[in-house]
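Structural overview for review
Listed below are the residues making up each chain.
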Amino acid sequence: MHRRKIIIYSQDSFTAELVAAIIGCTDKDIIHSHSIEQTEELCRERDADLVIILSTAPLLGGRNIIKQLRRERHRPEIYVISWRHAEQAILSLLECGIDQYMTFPICMERLKAKIATNDRKERES
Amino acid sequence: MLIIYTYIFIILIAILATVIMTQRVINSRDTAIDKASRLKKFYIRQVINRLQDESRIPTHIIAKSRAERIALCEAIYFVRSHTYGIDSSLLELTIDENRLENLLLCRIRYSTGYQRAHWLTLIGSIPLSSKSLQQLEQLSYSRNHAIRISALISLITATPHTAIRRIAALPYRFSPLDISRIISLLRRGIIPIAYEPLLQSGNFNLQMLGIAIVRNFGIDIADKQLHDIISSCSDKTIVHEAILTLSSLGRPLGRTKIRQRMNRMNSDERKSFCRYLAAEGYSVQALRTLFSEKEVNYAETLIKSYKRDLVCRQYT
């Protein structure tokens with residue numbers, strides 16, 4: 001059975017641990033990344049299925065991170081979870097090409113359900 | 001000559017010893033920090049597993065040493081502050097078994113300043129006994145701002161139905177940071193988002209909280225209440241906050257009452273508003289209804305500046 005590869009980018013290791021624990025790792029490979037460059041590299045090397053970015057800063061910094069993460073034919077889903085609630089920033093991120101945006105504090109069940117839906121879609125395709 | 005050389009030698013030895021000792025202290029502190037963060041991560045995972053455990057027989061989370069119990073407290077606080085809708089009764093057994101309330105009360109009693117505020121923040125994430133509530137009640141009137149606000153937040157978390165009464169009775173004014181801490185409780189669903197009675201109350205803290213709710217949750221139907229505050233409120237801080245909130249909601253600001261208020265402001269305040277409104281995306285025409293030609297020219301320069309251009313480009 002194909003184990004899904006999930007990369008979690010966060011500079012705060014506790015938040016990354018929290019999200020990883022919520023997702024659960026029984027049927028998934030979860031890799032933590034501490035820099036956006038490392039995330040891009042991991043995404044390329046490991047063919048990640050899902051990238052969870054726990055900050056909006058790298059996406060609003062002017063570099064086209066989404067394009068870097070979805071190079072060539074490999075197109076991982078990208079979720080962003082952050083504390084930013086400003087409507088304009090969220091809309092801009094969605095326009096940038098991210099698939100889901102969630103704000104902290106998060107509902108554990110909701111995040112799990114979103115990941116499960118993503119899993120199901122992946123399997124069906 | 002020999003004596004001088006001996007002195008130099010002793011001084012060099014002393015410097016070397018100091019450097020070695022300092023290095024050792026730094027290393028041991030780093031090791032302690034590493035250990036604490038490892039423990040915290042371990043307990044975050046355990047707490048999440050406990051909260052997601054659907055079996056009838058609960059799994060036990062054991063923290064034996066003091067360091068482990070502190071890490072467990074921090075993990076519970078971390079999980080609770082980053083999530084909402086969790087059933088905290090699932091953690092009651094863990095909290096009782098590890099006597100976390102006693103540990104935190106003891107820490108609060110024997111610490112001072114920001115350390116005490118830190119323990120007070122942590123105690124807010126666990127269910128509290130009446131004894132703890134009494135202690136927090138006293139500390140919510142402390143002379144130290146960090147302590148009293150941390151105690152208040154913990155009290156509100158423990159007894160959300162008393163939140164409004166407690167805030168109304170406060171003898172001090174909230175800072176913007178205090179309000180943002182209360183807003184984070186709202187986001188976790190601890191206090192209801194009933195902004196109308198807050199906006200209509202004559203209390204500074206309640207009104208500021210009401211305005212913050214409107215701004216944070218983008219409630220544009222509160223337009224009328226904000227206009228009422230701008231036209232009738234005598235407190236300058238509240239009026240400024242109401243105008244900033246209206247502008248962050250993107251509402252029109254050309255009403256006579258707002259213009260009159262703006263005219264009464266000094267030049268620095270007007271300039272600051274002009275800059276804010278330009279950054280919020282108000283057109284030059286909209287700004288012309290509020291500001292003089294000179295001020296509008298300043299706003300126009302800002303809008304056309306390369307900084308503005310950079311901001312727009314990064315969002316597209």
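Residues numbered from 1 in each chain as written. Chains lettered and ligands numbered in written order. Predicted model: local features only at pLDDT ≥ 70, side-chain atom pairs only at ≥ 80, totals over all residues. Heavy atoms only, no water.

What follows concerns the overall build of chain A. In terms of regular secondary structure, chain A is built from five helices and six strands. Starting at the N terminus, the α and β elements of chain A follow one another as β-α-β-α-β-α-β-α-β-β-α. Relative to the 2.2 N^0.38 estimate, which gives 14 Å for 125 residues, the radius of gyration of chain A is 14 Å and therefore close to what a compact globule would have. By residue count, 50% of the 125 residues in chain A fall in the buried class. Of the contacts made within chain A by residues no fewer than 6 positions apart, 61% connect residues no fewer than 24 positions apart. Entry remark: accessible area of chain A is about 6,300 Å², with carbon and sulfur atoms responsible for 45%. Side-chain charges of chain A comprise 19 positive and 19 negative groups, with the mean position of each set lying 3 Å from the other. (Helix = DSSP H or I, 4+ residues; strand = E, 2+ residues; numbered from the N terminus. Rg over C-alpha atoms; globule rule 2.2 N^0.38 Å. Buried < 20%, exposed > 50% of the residue type's maximum accessible area, 1.4 Å probe, protein only. Contact = heavy atoms within 4.5 Å. Areas by Shrake-Rupley, 256 points an atom, 1.4 Å probe, with all protein chains shown as cover. Lys, Arg positive; Asp, Glu negative; His and termini not counted. Charge placed at Lys NZ, Arg CZ, Asp CG, Glu CD.)

The subject of this paragraph is the overall build of chain B. Of the regular secondary structure elements, chain B holds 18 helices and one strand. For a compact globule of 316 residues, the expected C-alpha radius of gyration is about 20 Å, and chain B comes in at 27 Å, more than 25% above that figure. Out of the 316 residues belonging to chain B, those deemed buried represent 44%. Within chain B, contacts between residues at least 6 apart in sequence are counted, and of these 63% link residues at least 24 apart.

Another point: helix α13 (residues 236-248) of chain B. Residue and element names in this part refer to chain B. Under the 1.5 Å per step criterion, the end-to-end length of α13 is 18 Å for 13 residues, consistent within 8% with the ideal 18 Å. Listing the buried residues of α13 in full gives I238, V239, H240, A242, I243, L244, T245, L246 and S247. Its buried side turned inward, α13 meets α11 (204-216), α12 (223-232), α14 (256-263) and α15 (267-280). The opening residue of α13, the one whose side-chain oxygen lies 3.0 Å from the backbone nitrogen of T237, is D235. (Expected span 1.5 Å × (residues − 1). Polar contact = N/O pair within 3.5 Å; in protein donor to acceptor, adjacent residues only side chain to side chain.)

Our focus in this paragraph is the side chain of T94(B). Residues and elements named next belong to chain B. Looking at the element boundaries, T94 is found in helix α3 (residues 92-97). For T94, a relative accessible area of 1% translates into the label buried. With residues up to four places along the chain from it excluded, the contact list for T94 reads I61 and L72.

What follows concerns the interface of chain A and chain B. Taken together, the contacts link 26 residues of chain A with 19 residues of chain B. Taken as a group, F14(A), P105(A) and M108(A) account for 29% of the area that chain A buries against chain B, more than any other trio of residues on that side. Where chain A touches chain B, the interface holds one salt bridge. Across the pair R45(B) and E17(A) runs a salt bridge, and its minimum N-O distance is 2.8 Å. Taken together, the links from chain A to chain B amount to six residue pairs in polar contact (both at pLDDT 80 or more). Breaking the side of chain A that touches chain B down by element, the ones donating at least two residues are α1 (13-23), α4 (87-96), β6 (106-107) and α5 (108-124) of chain A. Residue composition of the side of chain A that touches chain B, grouped by class: 14 nonpolar, six polar and six charged. (Buried area = accessible area lost by both parts, 1.4 Å probe. Salt bridge = Lys/Arg side-chain N within 4 Å of Asp/Glu carboxyl O. Nonpolar A, V, L, I, M, F, W, Y, C, P; charged D, E, K, R; others polar.)

Moving on: the packing of aromatic side chains. The final tally for this structure, using the stated rule, is three aromatic pairs over all chains. The interplanar angle of 65° and the centroid separation of 6.1 Å between the aromatic rings of F14(A) and F78(B) together place this pair among those described as edge-to-face. Residue F14(A) is found in helix α1, and its partner F78(B) is found in helix α2 (residues 66-82); the two belong to separate chains. Comparing F14(A) with F78(B) shows no difference in burial state: the two are buried. Ring plane angle 35° and centroid distance 5.3 Å describe the contact between W83(A) and F104(A), whose orientation is recorded as tilted. Placement of the pair is W83(A) in the loop between β4 (77-82) and α4 and F104(A) in the loop between β5 (100-103) and β6, with a sequence separation of 21 residues. Residue F104(A) is classed as buried on the basis of its relative accessible area of 2%. Looking at K40(B), its charged tip hangs above the ring of F14(A), at a distance of 4.2 Å from the centre. (Phe/Tyr/Trp six-rings, centres within 6.5 Å; stacked < 30°, edge-to-face > 60°. Lys NZ or Arg CZ within 6 Å of the ring centre and 35° of its normal.)

A separate point is the pairing of β5(A). All names here are of chain A. In terms of strand pairing, β4 meets β5 through four bridges, oriented parallel. When the bridges of β5 are listed, Y79 appears paired with Q100. In this fold, the crossover linking β4 to β5 by way of α4 has right-handed handedness. (Pairing = 2+ DSSP bridges. Right-handed = clockwise from strand over helix to strand, strands pointing away.)

All names here are of chain B. According to the stated counting rule, one finds eleven salt bridges over all chains in the structure shown. R166 serves as the salt-bridge partner of E137, at 2.9 Å between the closest nitrogen and oxygen. Note that E137 is positioned in helix α6 (residues 130-139) and R166 in helix α8 (residues 163-168), a separation of 29 residues in sequence. Looking at R166, the relative accessible area reads 12%, which means it is buried. A salt bridge links R251 to D223; its shortest N-O distance comes to 2.8 Å. Separated by 28 residues along the polypeptide, R251 in the loop between α13 and α14 and D223 in helix α12 bring together distant segments of the chain. Owing to a relative accessible area of 12%, D223 belongs among the buried residues under this scheme.

Bringing a negative patch on the surface into the picture now. Residue and element names in this part refer to chain B. On the surface, a cluster of negative charge is made up of D87, E92, D96 and E97. Counting through the fold element by element, E97 comes out in helix α3. Residue classification places E97 among the partly exposed positions, given a relative accessible area of 34%. (Patch = residues over 30% accessible without salt bridge, like charges linked within 9 Å, V, L, I, M, F, W, Y side chains within 5 Å.)

In short, geometric facts, not functional conclusions.
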